[in-house]
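# Descriptive analysis of the structure
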Amino acid sequence: MKSNPVVGVLALQGDVREHLIALAVADATAREVRRPEELAEVDGLVIPGGESTTMSKLASLFGMLEPLREHIAAGLPVYGTCAGLILLADKILDPRSGQETLGGIDMIVRRNAFGRQNESFETTVDVRGIEGDPVEGVFIRAPWVESVGAEVEVLAEHEGHIVAVRQNNALATSFHPELTGDHRVHAMFVEMVRAAS
């Protein structure tokens, strides 16, 4: 078990820097990942928030779609926030034209389910497996999970909608914990990476 696992942040688009900081606070060696050879060097991977359609197109352009799918299918620990949650879904209810997912979590998601940019909000979320106070969640054009398969553990809900899930080595949240200064979700993910390596 590695004390300081190497955790990559998929750096094609989105809030990469905030995740690098949160991972470093959680005692991981954090680095940006843009190419397949960089992906091969990490013990875990964060897929940040951003624009899920743009991210899937850039992943295709950078030759990353298939390597990402292969690594995730092989059990690479992965954590997706917001757009990252959408990319980890096996199915999107309302995909944009040409939008692809990486899969990894047996769930169906709805994009922008909580509303547009101007309807973004911040609220506390009780996340199973995280001790102490609820987690501060920032929801920005956030998706929610419509339904999950039998293997998926629901970790949190907000107003009756699923906003955090885990399946084996894959973790996903609709919200952005990296924007709050509360790094407990990242610490939970780093523990998942340690346990897997």
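This write-up is about the structure you can find in this document. (Residues numbered from 1 in each chain as written. Predicted model: local features only at pLDDT ≥ 70, side-chain atom pairs only at ≥ 80, totals over all residues. Heavy atoms only, no water.)

## Thoughts on the overall build of the protein chain
- Broken down by element type, the protein chain carries 6 helices and 12 strands.
- For the C-alpha atoms alone, the extent of the protein chain along its principal axes is close to 40 × 40 × 35 Å.
- Per-residue burial for the protein chain yields a buried fraction of 54% across its 197 residues.
- Taking all contacts inside the protein chain whose residues are at least 6 apart in sequence as the whole, residues at least 24 apart take part in 65%. (Helix = DSSP H or I, 4+ residues; strand = E, 2+ residues; numbered from the N terminus. Buried < 20%, exposed > 50% of the residue type's maximum accessible area, 1.4 Å probe, protein only. Contact = heavy atoms within 4.5 Å.)

## Regarding the pairing of strand S4 (residues 78–81)
- Neither face of S4 is left uncovered, since the one carrying Val78 and Gly80 and the one carrying Tyr79 and Thr81 both have all their residues buried.
- By the bridge criterion, 3 bridges tie strand S3 (residues 44–47) to S4 in an arrangement that is parallel. From the neighbouring strand, Val46 faces S4, where its bridge partner is Tyr79.
- Of the strand pairs in this sheet, S4 and strand S12 (residues 170–173) are connected by 4 bridges, and their pairing is parallel. Paired with Val78 across the bridge in S12 is Ala170. (Pairing = 2+ DSSP bridges.)

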